[in-house]
Amino acid sequence: MEERRRVNACPRLWNSAFLDRDGKVYACCHYLPQAMGDIHDASLEQIRDGAAASELRRAALSFGTACFDSCSILTDDERDAAASLDGTDARPLERLHVLFGEGCRLACVMCNQDHHSAEMLDSELVLRNATPDADTAIEIQGGEPLQLRESRKYLAAIMKKGWAPTIITNGLQLDGPLGDEVVRGCARVKISLNAATRATHEAVNRGSSWDRVIGNIRNAVKLKRTLPRAARLVGRMTLVPQNLHETGAFMRLCLDLGMDAVEYGYDARTVPSALGRDPEMLRKLKDEVRAAHADCGSHISIQIHRLAAIGLWSAE
């Protein structure tokens, strides 16, 4: 019987995979809708082609994906692609995200991970049982990937193979030989600054050093300019009530630092409600974002769809 298509079926069930530190496989880093399998028991290919994954896709086509409408990570293109989903077979793996562990020296205000945990996903297991397709975009996250032993081993192994991953880092360890290797070998380095000033950065990224992170970014930009091929340097800002006032200024900071792109996210637990309680703040921030985008948008790539999702941007 032909499956009934729904526009709110998440396309990541078909084309993406997220490996958690315990080996469980999900469609995305929000751990939704549920685990498809475990790479301790089967290869990623077998899991994506298996009965559990097919059933999740069948349910999505029949009933929709409950998290679709409120999702903060789907792009507009992905939302549009949902209407063309059909069948329950896996599609080519477009993105593979791997969380090797939650260990990190920082205690960012929006993060609920266990940063003292020593649990780590084995890099050899990932290399053996989660081989990506040739065109798969690999993203390594944490915790802090440049701090975790297994993520550093995996990073070195895949760059040696000629694969160019993306990493998400707090920037504190983006220095020395390791920092140079990352800039030379990665496709993207996303640096979670989360602020446009020292005071806000150190209040949000608790335990960080603004001067050290900014210095590491400046050195990475300097190295990048000497290379024929190097990572795109992306400034990341996860919005929380403590840094909302610097949303527009963050674009200007990233441009001033010589970065290639700006990427926003937001804490869904606190930011929509904070903006909803204060229409005047929302209006002011929206004006500041529009002005900053007008000044910076032609010089640096700015990912804007997550600002639109919380009312800080519109096409008008």
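The rules behind the values
Numbers given for residues are sequential positions, taken from 1 along each chain in its written order. The model is predicted, so local features are restricted to residues of pLDDT at least 70 and side-chain atom pairs to those at 80 or more, both for listing and for counting; the totals for chains, interfaces and linings are taken over all residues. Excluded from the side-chain calculations are hydrogens and water; all other atoms, namely the structure's heavy atoms, are used. What we call a nonpolar core is a set of buried Ala, Val, Leu, Ile, Met, Phe, Trp, Tyr and Cys residues that are connected through their side-chain atoms within 4.5 Å. Each residue gets one of three labels from its accessible area relative to the maximum for its type: buried under 20%, exposed over 50%, partly exposed in between, using a 1.4 Å probe on protein chains only. Put simply, DSSP H or I for four residues or longer makes a helix, DSSP E for two residues or longer makes a strand, and each gets a number counted from the N terminus. By definition, residues are in contact when any of their heavy atoms lie within 4.5 Å. Think of a 1 Å grid over just the protein atoms. A cavity is a set of points where a 1.4 Å probe fits yet cannot get out, a pocket is an open set with protein on both sides within 12 Å along at least five of seven lines, and lining residues have an atom within 4 Å of a point. Grid points are joined across faces, edges and corners, and a volume is the space filled by probe spheres set on the points. Basically, the charged four are Asp, Glu, Lys and Arg, the nonpolar ten are Ala, Val, Leu, Ile, Met, Phe, Trp, Tyr, Cys and Pro, and anything else, Gly included, counts as polar. Within this document, salt bridges are pairs made up of a side-chain nitrogen of Lys or Arg and a carboxyl oxygen of Asp or Glu, the two lying within 4 Å of each other. Each residue after the first adds 1.5 Å to the expected span of a helix. Criterion used throughout: strands pair if DSSP finds at least two bridges between them. Axis definition: a line fitted to C-alpha atoms, over the contacting stretch in the case of helices. Angles run 0 to 180 degrees between N-to-C directions. Whether two aromatic rings pair depends on their centres lying within 6.5 Å, for rings of Phe, Tyr and Trp, where Trp uses its six-membered ring; planes under 30 degrees apart make the pair stacked, over 60 edge-to-face, and the rest tilted. When the NZ atom of lysine or the CZ atom of arginine is within 6 Å of a ring's centre and also within 35 degrees of its normal, the charge is said to sit over that ring.

Q: Before we go on, may I ask you to explain the nonpolar core in this structure?
A: Nonpolar side chains in soluble globular proteins tend to end up buried together. Counting 92 residues, the largest nonpolar core has Leu19, Leu193 and Leu239 as its most contacted members. It is helix H9 (residues 210–224) that contributes the most residues to this core, seven residues altogether. Once you skip the residues sitting within four places of it in the chain, leucine 19 turns out to touch Lys24, Val25, Ile39, Leu44, Leu96, His97, Val98, Leu99, Leu121, Val126 and Ala130.

Q: Can you walk me through the layout of surface pockets in this structure?
A: Over the atoms rolls a probe the size of a water molecule, and its path tells where empty space is left. Of the pockets and cavities examined, the second largest pocket occupies roughly 190 Å³. Surrounding the second largest pocket, Ser43, Leu44, Glu45, Arg48, Asp49, Leu93, Arg128, Asn129, Ala130, Thr131 and Asp133 form its lining. Tallying contributions element by element places helix H2 (residues 44–48) first for the lining of the second largest pocket, with three residues. Taken together, the residues that form the lining of the second largest pocket break down as three nonpolar, three polar and five charged.

Q: Just to check I follow, could you spell out the pattern of salt bridges for this structure?
A: Where side chains of opposite charge bring their charged atoms close, a pairing between them can arise. All told, the structure shown has 20 salt bridges when counted by the stated rule. In this structure, the salt-bridge partner of arginine 95 is glutamate 94, at a minimum N-O distance of 3.9 Å. Under the relative-accessibility criterion, arginine 95 is labelled buried at 17%. The partner of aspartate 267 in a salt bridge is arginine 269, with the nearest N and O atoms 3.0 Å apart. On the basis of relative accessible area, aspartate 267 is assigned to the buried category, the value being 10%. Overlapping salt bridges, with partners in common, bring together Arg12, Glu78, Glu94 and Arg95 in one network.

Q: Is there a simple way to think about helix H3 (residues 51–63) in this case?
A: For H3, which comprises 13 residues, the first-to-last C-alpha distance of 18 Å matches the rise-based estimate of 18 Å (1.5 Å per residue) to within 8%. Taken together, the buried positions of H3 are Ala53, Ser54, Leu56, Arg57, Ala60, Leu61 and Ser62. Each element contacted by the buried residues of H3 is listed here: helix H1 (12–15) and H2. Note on H3: the residue one or two positions beyond its end, glycine 64, has a positive phi of about 85°.

Q: Explain unusual backbone geometry here, please?
A: Note: most residues except glycine have negative phi, and most peptide bonds are trans. Following leucine 32, the chain continues to proline 33 via a peptide bond in cis, the omega torsion being -5°. Summarising the element assignment, proline 33 is placed in the loop between strand E2 (24–26) and strand E3 (37–38). With an omega of 20°, the peptide bond running from glycine 142 to glycine 143 counts as cis. Within the secondary structure layout, glycine 143 lies in the loop between strand E5 (137–141) and helix H6 (149–160). A positive phi is found at tyrosine 31, a non-glycine position, where the angle reads about 60°. Here tyrosine 31 shows up in the loop between E2 and E3. Phi is positive for asparagine 194, which is not a glycine, with a value near 65°. Relative to the assigned elements, asparagine 194 resides in the loop between strand E7 (188–192) and helix H8 (198–204). For asparagine 194, a relative accessible area of 3% corresponds to the buried category.

Q: I'm lost on H9 in this one. Help?
A: The α-helix advances 3.6 residues per turn, and as a result positions three or four apart in sequence lie on the same side. In this model, H9 (15 residues) spans 21 Å end to end at C-alpha, consistent with the 21 Å of a helix rising 1.5 Å per residue. Those residues of H9 hidden inside the fold are in contact with helix H7 (176–185), E7, H8, strand E8 (232–239) and helix H10 (247–257).

Q: Explanation requested: the sheet that holds E7 in the structure shown.
A: Either a parallel or an antiparallel arrangement is found when strands of a sheet pair, and the pairing is made through backbone hydrogen bonds. Ordered by their spatial adjacency, 10 strands build an open sheet running E3-E2-E1-E4-E5-E6-E7-E8-E9-E10, and the pairing between neighbours is mixed. Among the strands making up the open sheet, the edge pair consists of E3 and strand E10 (301–303). Inspection of the sheet shows E2 paired to E3 by two bridges, in the antiparallel sense. When the sheet's bridge partners are listed, valine 25 is paired in E3 with glycine 37. Sheet strands touched by H6: strand E4 (95–99), E5 and strand E6 (166–169). Its angle to E5, the strand with the most contacts, is close to 155°.

Q: Would you explain the packing of aromatic side chains in this entry?
A: Think of a pair of aromatic rings as described by two things: how far the centres are apart, and how the planes are tilted against each other in angle. Taken as a whole, this structure holds five aromatic pairs when the rule is applied. Both rings, one in phenylalanine 18 and one in tyrosine 31, keep their centres 5.3 Å apart while their planes meet at 90°; by these two values the pair is edge-to-face. Of this pair, phenylalanine 18 sits in strand E1 (residues 16–19) while tyrosine 31 sits in the loop between E2 and E3, and the two are 13 residues apart along the sequence. Seen in terms of ring centroids, phenylalanine 100 and tyrosine 154 are 5.1 Å apart; in terms of plane orientation they differ by 50°. Their pairing is tilted. Pair noted here: phenylalanine 100 is in the loop between E4 and helix H5 (123–129) and tyrosine 154 is in helix H6, with a separation of 54 residues, a long-range link. Just as phenylalanine 100 is buried, tyrosine 154 falls in that class too. The lysine or arginine in question, lysine 161, covers the ring of tryptophan 163, its NZ or CZ lying 5.6 Å from the ring centre.

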